[in-house]
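Results of the structural survey
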Amino acid sequence: MPGQRAPSFRRRRLLGAAAALAPLAAFAPAACAHSASPHVPRIYMILFRGETDVEAGFLQWFKDKRLQPEFVVRSVDMDSSRVPTLLEEARAWHADLIYTWGTPVSLAVAAREFEIPIVFTMVSAPIAAGLARNLASSGRNLTGVSHVVPARQQMAAIRSYRRFDRIAAIFNPNEVNARVAMREMRAEAERVGAEFTPHPLPLDAQGQPRADAIPGLLADLAEHRVQLLYIGPDSFIASQRILVTEAALALGLPVFSAAEVALRDGSALFGLVAGYANVGRLTAHKAAQILYHRVKAAALPIETPGSYSYLVNMDVARQLGMMPPARVLQFAEQIK
(Lines give C-alpha, C1' and ligand atoms only; values in the text may rest on other atoms or scores of the structure.)
Protein backbone atom coordinates (compact mmCIF):
# COMPACT_ATOMS: atom_id res chain seq x y z
CA MET A 1 0.00 0.00 0.00
CA PRO A 2 1.22 3.55 -0.58
CA GLY A 3 2.35 5.67 2.32
CA GLN A 4 0.66 8.74 3.72
CA ARG A 5 1.97 11.07 1.03
CA ALA A 6 -0.50 11.59 -1.81
CA PRO A 7 1.09 10.29 -5.02
CA SER A 8 1.54 12.63 -7.92
CA PHE A 9 0.50 11.64 -11.42
CA ARG A 10 0.23 13.82 -14.49
CA ARG A 11 -2.28 12.44 -16.96
CA ARG A 12 -1.06 12.09 -20.51
CA ARG A 13 -3.32 12.34 -23.53
CA LEU A 14 -4.29 8.98 -24.97
CA LEU A 15 -3.49 8.53 -28.63
CA GLY A 16 -5.97 6.87 -30.94
CA ALA A 17 -5.41 3.42 -32.43
CA ALA A 18 -5.30 4.90 -35.91
CA ALA A 19 -2.19 6.86 -35.03
CA ALA A 20 -0.49 3.64 -33.97
CA LEU A 21 -0.75 2.26 -37.49
CA ALA A 22 1.85 4.68 -38.85
CA PRO A 23 5.55 4.70 -37.88
CA LEU A 24 6.61 7.25 -35.32
CA ALA A 25 9.22 9.71 -36.46
CA ALA A 26 12.54 9.45 -34.66
CA PHE A 27 13.49 12.24 -32.32
CA ALA A 28 15.60 15.08 -33.71
CA PRO A 29 19.28 14.11 -34.08
CA ALA A 30 21.54 14.64 -31.09
CA ALA A 31 24.75 13.13 -29.87
CA CYS A 32 24.40 9.93 -27.86
CA ALA A 33 26.89 9.75 -25.04
CA HIS A 34 26.04 6.14 -24.23
CA SER A 35 27.29 4.50 -27.40
CA ALA A 36 30.33 5.02 -29.61
CA SER A 37 28.64 3.17 -32.45
CA PRO A 38 27.12 5.20 -35.30
CA HIS A 39 24.33 2.64 -35.57
CA VAL A 40 20.94 4.05 -34.55
CA PRO A 41 18.98 1.40 -32.63
CA ARG A 42 15.61 0.41 -34.04
CA ILE A 43 12.65 -0.42 -31.79
CA TYR A 44 9.63 -2.14 -33.33
CA MET A 45 6.57 -1.71 -31.08
CA ILE A 46 3.60 -4.10 -31.27
CA LEU A 47 0.56 -2.88 -29.34
CA PHE A 48 -2.73 -4.57 -28.53
CA ARG A 49 -5.23 -1.71 -28.86
CA GLY A 50 -3.39 1.38 -29.98
CA GLU A 51 -1.19 3.72 -27.98
CA THR A 52 -1.68 4.29 -24.26
CA ASP A 53 0.02 6.34 -21.56
CA VAL A 54 2.50 3.46 -21.26
CA GLU A 55 3.88 4.37 -24.67
CA ALA A 56 3.88 8.06 -23.75
CA GLY A 57 6.06 7.26 -20.74
CA PHE A 58 8.26 4.95 -22.82
CA LEU A 59 8.96 7.53 -25.51
CA GLN A 60 9.38 10.38 -23.02
CA TRP A 61 12.06 8.42 -21.13
CA PHE A 62 14.24 8.25 -24.25
CA LYS A 63 13.65 11.92 -24.96
CA ASP A 64 14.57 12.90 -21.40
CA LYS A 65 17.78 10.84 -21.63
CA ARG A 66 18.63 12.41 -25.00
CA LEU A 67 18.64 8.99 -26.63
CA GLN A 68 17.25 8.76 -30.13
CA PRO A 69 16.42 5.29 -31.39
CA GLU A 70 14.12 4.89 -34.36
CA PHE A 71 10.59 3.66 -33.71
CA VAL A 72 7.94 1.89 -35.72
CA VAL A 73 4.59 1.43 -33.95
CA ARG A 74 1.96 -1.09 -34.97
CA SER A 75 -1.31 -2.15 -33.32
CA VAL A 76 -2.98 -5.54 -33.78
CA ASP A 77 -6.33 -3.95 -32.84
CA MET A 78 -7.10 -6.75 -30.36
CA ASP A 79 -6.34 -9.47 -32.93
CA SER A 80 -3.11 -11.28 -32.04
CA SER A 81 -3.33 -13.39 -35.20
CA ARG A 82 -1.79 -10.37 -36.96
CA VAL A 83 1.50 -10.81 -35.10
CA PRO A 84 3.27 -13.09 -37.66
CA THR A 85 2.84 -10.51 -40.43
CA LEU A 86 4.17 -7.76 -38.18
CA LEU A 87 7.17 -9.87 -37.21
CA GLU A 88 8.03 -10.26 -40.88
CA GLU A 89 8.02 -6.47 -41.17
CA ALA A 90 10.17 -6.14 -38.05
CA ARG A 91 12.77 -8.52 -39.46
CA ALA A 92 12.75 -6.80 -42.85
CA TRP A 93 13.27 -3.46 -41.08
CA HIS A 94 16.20 -5.02 -39.17
CA ALA A 95 14.74 -4.15 -35.77
CA ASP A 96 17.17 -4.31 -32.86
CA LEU A 97 14.45 -4.79 -30.26
CA ILE A 98 10.76 -5.69 -30.20
CA TYR A 99 8.47 -4.00 -27.65
CA THR A 100 5.24 -5.85 -26.88
CA TRP A 101 2.17 -4.61 -24.99
CA GLY A 102 0.05 -7.02 -22.97
CA THR A 103 -0.03 -10.76 -22.46
CA PRO A 104 -1.77 -11.84 -25.71
CA VAL A 105 0.66 -9.93 -27.95
CA SER A 106 3.70 -10.89 -25.87
CA LEU A 107 2.81 -14.58 -26.01
CA ALA A 108 2.21 -14.41 -29.77
CA VAL A 109 5.57 -12.73 -30.36
CA ALA A 110 7.51 -14.97 -27.96
CA ALA A 111 6.13 -18.06 -29.68
CA ARG A 112 7.82 -17.04 -32.94
CA GLU A 113 10.72 -14.67 -32.32
CA PHE A 114 13.81 -14.94 -30.15
CA GLU A 115 16.63 -13.80 -32.42
CA ILE A 116 15.58 -10.21 -31.75
CA PRO A 117 15.46 -9.25 -28.04
CA ILE A 118 11.94 -8.77 -26.71
CA VAL A 119 10.93 -6.34 -23.96
CA PHE A 120 7.32 -6.77 -22.89
CA THR A 121 5.16 -4.45 -20.84
CA MET A 122 1.73 -4.64 -19.18
CA VAL A 123 2.01 -8.39 -18.56
CA SER A 124 0.44 -9.21 -15.21
CA ALA A 125 1.58 -12.82 -14.73
CA PRO A 126 4.70 -13.54 -16.83
CA ILE A 127 5.54 -16.81 -15.09
CA ALA A 128 2.02 -18.24 -15.19
CA ALA A 129 1.73 -17.15 -18.81
CA GLY A 130 4.86 -19.14 -19.67
CA LEU A 131 6.94 -16.15 -20.71
CA ALA A 132 9.56 -16.56 -17.98
CA ARG A 133 10.96 -19.22 -15.67
CA ASN A 134 11.25 -16.76 -12.81
CA LEU A 135 11.37 -13.03 -12.24
CA ALA A 136 15.14 -12.90 -11.77
CA SER A 137 15.70 -14.16 -15.32
CA SER A 138 13.36 -15.27 -18.05
CA GLY A 139 15.95 -17.77 -19.24
CA ARG A 140 15.17 -16.53 -22.75
CA ASN A 141 15.93 -13.58 -24.97
CA LEU A 142 13.34 -11.38 -23.33
CA THR A 143 12.59 -9.35 -20.24
CA GLY A 144 9.90 -6.91 -19.27
CA VAL A 145 7.66 -5.13 -16.83
CA SER A 146 4.59 -6.27 -14.95
CA HIS A 147 2.00 -3.69 -13.91
CA VAL A 148 -0.33 -5.39 -11.46
CA VAL A 149 -0.24 -4.81 -7.72
CA PRO A 150 -0.15 -8.13 -5.80
CA ALA A 151 -3.58 -9.56 -4.97
CA ARG A 152 -3.12 -9.25 -1.22
CA GLN A 153 -2.47 -5.54 -1.49
CA GLN A 154 -5.42 -5.12 -3.81
CA MET A 155 -7.71 -6.81 -1.29
CA ALA A 156 -6.32 -4.62 1.49
CA ALA A 157 -7.08 -1.57 -0.66
CA ILE A 158 -10.64 -2.76 -1.23
CA ARG A 159 -11.28 -3.37 2.47
CA SER A 160 -9.78 -0.06 3.49
CA TYR A 161 -12.54 1.69 1.53
CA ARG A 162 -15.48 -0.33 2.79
CA ARG A 163 -16.30 -3.85 3.93
CA PHE A 164 -17.42 -5.44 0.66
CA ASP A 165 -18.42 -9.03 1.39
CA ARG A 166 -19.91 -10.00 -1.99
CA ILE A 167 -17.48 -9.27 -4.82
CA ALA A 168 -17.88 -10.40 -8.41
CA ALA A 169 -15.74 -10.08 -11.53
CA ILE A 170 -16.17 -10.47 -15.26
CA PHE A 171 -13.22 -11.59 -17.37
CA ASN A 172 -12.09 -12.89 -20.74
CA PRO A 173 -11.52 -16.64 -20.31
CA ASN A 174 -9.13 -16.64 -23.29
CA GLU A 175 -6.52 -14.60 -21.38
CA VAL A 176 -4.25 -16.50 -19.05
CA ASN A 177 -3.47 -13.29 -17.15
CA ALA A 178 -7.16 -12.81 -16.41
CA ARG A 179 -7.59 -16.40 -15.26
CA VAL A 180 -4.61 -16.11 -12.92
CA ALA A 181 -5.98 -12.87 -11.45
CA MET A 182 -9.35 -14.50 -10.78
CA ARG A 183 -7.70 -17.40 -8.97
CA GLU A 184 -5.50 -15.14 -6.85
CA MET A 185 -8.32 -12.77 -5.88
CA ARG A 186 -10.60 -15.66 -4.97
CA ALA A 187 -7.90 -16.98 -2.63
CA GLU A 188 -7.53 -13.54 -1.03
CA ALA A 189 -11.29 -13.22 -0.60
CA GLU A 190 -11.41 -16.59 1.15
CA ARG A 191 -8.58 -15.50 3.42
CA VAL A 192 -10.51 -12.44 4.64
CA GLY A 193 -13.89 -14.15 4.75
CA ALA A 194 -15.43 -12.49 1.68
CA GLU A 195 -17.17 -14.03 -1.32
CA PHE A 196 -15.53 -13.62 -4.73
CA THR A 197 -17.32 -14.92 -7.82
CA PRO A 198 -15.64 -14.67 -11.25
CA HIS A 199 -17.87 -14.75 -14.32
CA PRO A 200 -16.28 -15.55 -17.70
CA LEU A 201 -17.65 -13.69 -20.68
CA PRO A 202 -19.51 -15.92 -23.14
CA LEU A 203 -17.71 -16.56 -26.44
CA ASP A 204 -19.00 -16.17 -29.96
CA ALA A 205 -18.84 -18.76 -32.74
CA GLN A 206 -15.21 -17.79 -33.45
CA GLY A 207 -14.26 -18.28 -29.80
CA GLN A 208 -13.94 -14.57 -29.06
CA PRO A 209 -15.46 -12.83 -26.00
CA ARG A 210 -18.80 -11.14 -26.59
CA ALA A 211 -18.85 -7.49 -25.60
CA ASP A 212 -22.58 -7.37 -26.22
CA ALA A 213 -23.11 -9.77 -23.31
CA ILE A 214 -21.58 -7.37 -20.77
CA PRO A 215 -24.67 -5.24 -19.93
CA GLY A 216 -26.86 -8.28 -19.30
CA LEU A 217 -24.18 -9.97 -17.20
CA LEU A 218 -23.79 -6.86 -15.05
CA ALA A 219 -27.57 -6.57 -14.63
CA ASP A 220 -27.64 -10.14 -13.32
CA LEU A 221 -24.89 -9.33 -10.82
CA ALA A 222 -26.76 -6.27 -9.57
CA GLU A 223 -29.95 -8.32 -9.25
CA HIS A 224 -28.07 -10.81 -7.07
CA ARG A 225 -26.97 -7.93 -4.81
CA VAL A 226 -23.28 -8.03 -5.61
CA GLN A 227 -21.62 -5.22 -3.64
CA LEU A 228 -18.52 -4.63 -5.78
CA LEU A 229 -17.38 -5.40 -9.33
CA TYR A 230 -13.68 -6.22 -9.67
CA ILE A 231 -11.81 -5.51 -12.91
CA GLY A 232 -8.50 -7.31 -13.06
CA PRO A 233 -5.64 -7.34 -15.58
CA ASP A 234 -7.57 -8.19 -18.72
CA SER A 235 -6.76 -6.69 -22.13
CA PHE A 236 -10.23 -7.30 -23.54
CA ILE A 237 -12.08 -5.88 -20.53
CA ALA A 238 -9.72 -2.88 -20.62
CA SER A 239 -10.74 -2.30 -24.23
CA GLN A 240 -14.38 -2.28 -23.06
CA ARG A 241 -13.70 -0.14 -19.98
CA ILE A 242 -16.23 2.59 -20.80
CA LEU A 243 -19.01 0.09 -21.50
CA VAL A 244 -18.24 -1.92 -18.35
CA THR A 245 -17.82 0.94 -15.90
CA GLU A 246 -20.68 3.09 -17.17
CA ALA A 247 -23.09 0.13 -17.25
CA ALA A 248 -22.05 -0.75 -13.69
CA LEU A 249 -22.48 2.86 -12.55
CA ALA A 250 -25.97 3.00 -14.04
CA LEU A 251 -26.83 -0.08 -11.96
CA GLY A 252 -25.40 1.46 -8.79
CA LEU A 253 -22.58 -1.09 -8.78
CA PRO A 254 -19.18 0.27 -7.68
CA VAL A 255 -16.08 -0.88 -9.56
CA PHE A 256 -12.58 -1.54 -8.23
CA SER A 257 -9.94 -1.63 -10.97
CA ALA A 258 -6.46 -3.15 -10.88
CA ALA A 259 -5.53 -1.10 -13.97
CA GLU A 260 -5.31 2.67 -14.21
CA VAL A 261 -7.14 3.06 -17.50
CA ALA A 262 -10.59 2.16 -16.08
CA LEU A 263 -10.17 5.03 -13.61
CA ARG A 264 -8.56 7.65 -15.84
CA ASP A 265 -10.66 6.83 -18.88
CA GLY A 266 -13.71 5.16 -17.35
CA SER A 267 -16.10 5.31 -14.42
CA ALA A 268 -14.50 2.93 -11.94
CA LEU A 269 -14.84 4.08 -8.34
CA PHE A 270 -11.39 3.25 -6.99
CA GLY A 271 -8.30 1.14 -7.50
CA LEU A 272 -4.72 0.47 -6.50
CA VAL A 273 -2.55 0.73 -9.60
CA ALA A 274 0.91 1.11 -11.02
CA GLY A 275 0.75 4.28 -13.11
CA TYR A 276 0.92 3.63 -16.84
CA ALA A 277 3.55 6.32 -17.47
CA ASN A 278 5.79 4.82 -14.76
CA VAL A 279 5.37 1.38 -16.33
CA GLY A 280 6.45 2.84 -19.66
CA ARG A 281 9.51 4.53 -18.19
CA LEU A 282 10.69 1.33 -16.50
CA THR A 283 10.18 -0.55 -19.76
CA ALA A 284 12.27 2.04 -21.60
CA HIS A 285 15.08 1.69 -19.06
CA LYS A 286 15.24 -2.04 -19.74
CA ALA A 287 15.21 -1.49 -23.49
CA ALA A 288 18.08 0.98 -23.18
CA GLN A 289 20.14 -1.49 -21.15
CA ILE A 290 19.89 -3.91 -24.06
CA LEU A 291 20.39 -1.40 -26.88
CA TYR A 292 23.07 0.88 -25.44
CA HIS A 293 24.84 -1.22 -22.80
CA ARG A 294 24.69 -4.60 -24.56
CA VAL A 295 23.10 -6.30 -21.57
CA LYS A 296 21.48 -9.61 -22.45
CA ALA A 297 17.70 -9.56 -22.03
CA ALA A 298 17.82 -12.72 -19.92
CA ALA A 299 20.17 -10.95 -17.49
CA LEU A 300 17.58 -8.25 -16.73
CA PRO A 301 14.99 -9.07 -14.05
CA ILE A 302 11.27 -8.76 -14.69
CA GLU A 303 10.01 -6.01 -12.40
CA THR A 304 7.02 -3.97 -11.31
CA PRO A 305 7.32 -0.21 -10.67
CA GLY A 306 8.17 0.28 -7.03
CA SER A 307 5.34 2.67 -6.15
CA TYR A 308 1.56 2.37 -6.45
CA SER A 309 -1.25 4.89 -6.51
CA TYR A 310 -4.56 4.55 -4.70
CA LEU A 311 -7.01 6.37 -6.97
CA VAL A 312 -10.56 7.44 -6.13
CA ASN A 313 -12.95 8.94 -8.68
CA MET A 314 -14.77 11.51 -6.55
CA ASP A 315 -17.50 12.20 -9.12
CA VAL A 316 -18.38 8.50 -9.20
CA ALA A 317 -18.25 8.36 -5.40
CA ARG A 318 -20.82 11.17 -5.20
CA GLN A 319 -23.09 9.52 -7.76
CA LEU A 320 -23.01 6.24 -5.85
CA GLY A 321 -23.28 7.86 -2.43
CA MET A 322 -20.05 6.06 -1.43
CA MET A 323 -17.65 8.76 -0.38
CA PRO A 324 -14.27 7.44 0.77
CA PRO A 325 -13.57 7.35 4.51
CA ALA A 326 -11.26 9.96 6.00
CA ARG A 327 -8.41 7.47 6.41
CA VAL A 328 -8.43 6.77 2.65
CA LEU A 329 -8.45 10.47 1.79
CA GLN A 330 -5.18 10.84 3.70
CA PHE A 331 -3.27 8.91 1.03
CA ALA A 332 -5.56 8.58 -2.01
CA GLU A 333 -5.21 10.57 -5.20
CA GLN A 334 -8.59 12.10 -5.93
CA ILE A 335 -9.52 12.21 -9.59
CA LYS A 336 -12.57 13.47 -11.47
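Just so it is clear, the structure is predicted and the values come from calculations on it, not from any experiment.

**Considerations on the layout of surface pockets**
- When its volume is computed, the largest pocket comes out at roughly 390 Å³.
- Forming the boundary of the largest pocket are 16 residues, of which Phe-48, Met-78, Ser-80, Asn-172 and Gln-208 lie nearest the centre.
- When residues of the lining of the largest pocket are traced back to their parent elements, those giving at least two are α3 (103-110) and α5 (176-192).
- Among the elements that take part in the lining of the largest pocket, α3 stands out by supplying four residues, more than any other.
- Its residues assigned to classes, the lining of the largest pocket comprises eight nonpolar, six polar and two charged.
- The space that makes up the second largest pocket amounts to roughly 260 Å³.
- Taken together, 14 residues line the second largest pocket, and the ones lying closest to its centre are Asp-96, Pro-117, Ile-290, Leu-291 and Arg-294.

**So, the sheet that holds strand β2 (residues 70-75)**
- Pairing is parallel across the open sheet formed by five strands, whose spatial order is β2-β1-β3-β4-β5. The open sheet has two edge strands, β2 and β5 (142-144), and neither has a second partner. In this sheet, neighbouring strand axes are inclined to one another by 20° on average, regardless of whether the strands run parallel or antiparallel.
- Bridge count for strand β3 (residues 97-101) against strand β4 (residues 118-121) is four bridges, and the pairing is parallel. In the sheet register, Tyr-99 faces β4, and the bridge partner there is Val-119.
- Contacting β1 (42-47), β2 and β3, helix α2 (residues 83-92) runs over the sheet at an angle of about 170° to β1.
- Against the sheet, helix α10 (residues 276-293) contacts β1, β3, β4 and β5, and its axis sits at roughly 175° relative to β4.

**Some words on empty space enclosed by the protein**
- Applying the stated criterion across every chain yields a total of three cavities of 30 Å³ or more.
- Forming the walls of the largest cavity are 13 residues, and the residues nearest its centre are Trp-101, His-147, Pro-233, Asp-234 and Ser-235.
- Residue classes in the lining of the largest cavity are distributed as six nonpolar, five polar and two charged.

**So, the side chain of Ser-106**
- On the secondary structure map, Ser-106 appears in helix α3.
- Accessibility expressed as a relative area gives 2% for Ser-106, which makes it buried.
- If we skip the residues at most four places from it in the chain, Ser-106 touches Thr-100, Trp-101, Phe-120, Val-123 and Leu-131.

**Description of the pattern of salt bridges**
- Per the counting criterion, the structure on display carries 15 salt bridges.
- A salt bridge links Lys-286 to Glu-303; its shortest N-O distance comes to 2.6 Å. Here the residue Lys-286 occupies a position in helix α10, and Glu-303 occupies one in the loop between α10 and β11 (309-313), the gap between them amounting to 17 residues.
- Assessed through its relative accessible area of 35%, Glu-303 is described here as partly exposed.

**Regarding the pairing of β4**
- Neither face of β4 is open: one carries Ile-118 and Phe-120, the other Val-119 and Thr-121, and all of them are buried.
- Regarding topology, α3 serves as the crossover connection from β3 to the parallel β4, and that connection is right-handed.
- In this sheet, β5 lies alongside β4 in parallel orientation, the contact comprising three bridges. Note on β5: the bridge partner recorded for Phe-120 is Gly-144.

**Looking at the confidence of the model for the chain**
- The share of residues in the chain with pLDDT of 70 or more is 89%, and the mean pLDDT across the chain is 89.
- pLDDT under 50 marks residues 1-35. Its contacts with residues more than four places away, or in other chains, come to 84 contacts.

**Quick look at the sheet that holds β11**
- Strand order across the open sheet formed by seven strands is β7-β6-β8-β9-β10-β11-β12, with mixed pairing between neighbours. Edge positions in the sheet fall to β7 (195-200) and β12 (333-335), since each has one partner strand and no second. On average, each strand axis in the sheet is inclined to that of its neighbour by 25°, with strand direction left out of account.
- Strand direction decides the pairing type here: strand β8 (residues 228-231) and strand β9 (residues 255-257), joined by three bridges, are parallel. Bridge pairing in β9 links Leu-229 to Val-255.
- With respect to the sheet, helix α6 (residues 214-223) is in contact with β6 (166-171), β7 and β8, its orientation differing from that of β6 by roughly 170°.

Reading the values: the criteria
Just so you know, the residues in each chain are numbered from 1, in the order the chain's sequence is written. Only residues with pLDDT of 70 or above have their local features reported here, since the model is predicted, and side-chain atom pairs are shown and tallied only from 80 upward, although totals for entire chains, interfaces and linings are computed over all residues. Note: side-chain values were computed over all heavy atoms of the structure, leaving out hydrogens and water. Of the two site types, the cavity is a set of points on a 1 Å grid over the protein atoms alone where a 1.4 Å probe fits but cannot get out, and the pocket is an open set with protein on both sides within 12 Å along at least five of seven lines, each lined by residues with an atom within 4 Å of a point. Grid points are joined across faces, edges and corners, and a volume is the space filled by probe spheres set on the points. Helix numbering and strand numbering both begin at the N terminus, where a helix is a DSSP run of H or I of at least 4 residues and a strand a DSSP run of E of at least 2. Lys, Arg, Asp and Glu make up the charged group, whereas Ala, Val, Leu, Ile, Met, Phe, Trp, Tyr, Cys and Pro make up the nonpolar group; the residues left over, Gly among them, are polar. Two strands pair under a simple rule: DSSP has to find at least two bridges between them. Here the axes come from fitting lines to C-alpha atoms, over the contacting stretch only for helices, and the angles between their N-to-C directions go from 0 to 180 degrees. Residue contacts are defined here by distance: any two heavy atoms, one from each residue, within 4.5 Å place the two residues in contact. Type-normalised accessible area, obtained with a 1.4 Å probe on protein chains alone, sets the label of each residue: buried when under 20%, exposed when over 50%, and partly exposed for intermediate values. Between Lys or Arg on one side and Asp or Glu on the other, a salt bridge is scored when a side-chain nitrogen of the former is within 4 Å of a carboxyl oxygen of the latter. Whether a crossover is right-handed depends on one test, that the path from the first strand over the helix to the second runs clockwise when the strands point away from the viewer. Confidence scores labelled pLDDT are given residue by residue by the predictor and lie between 0 and 100.

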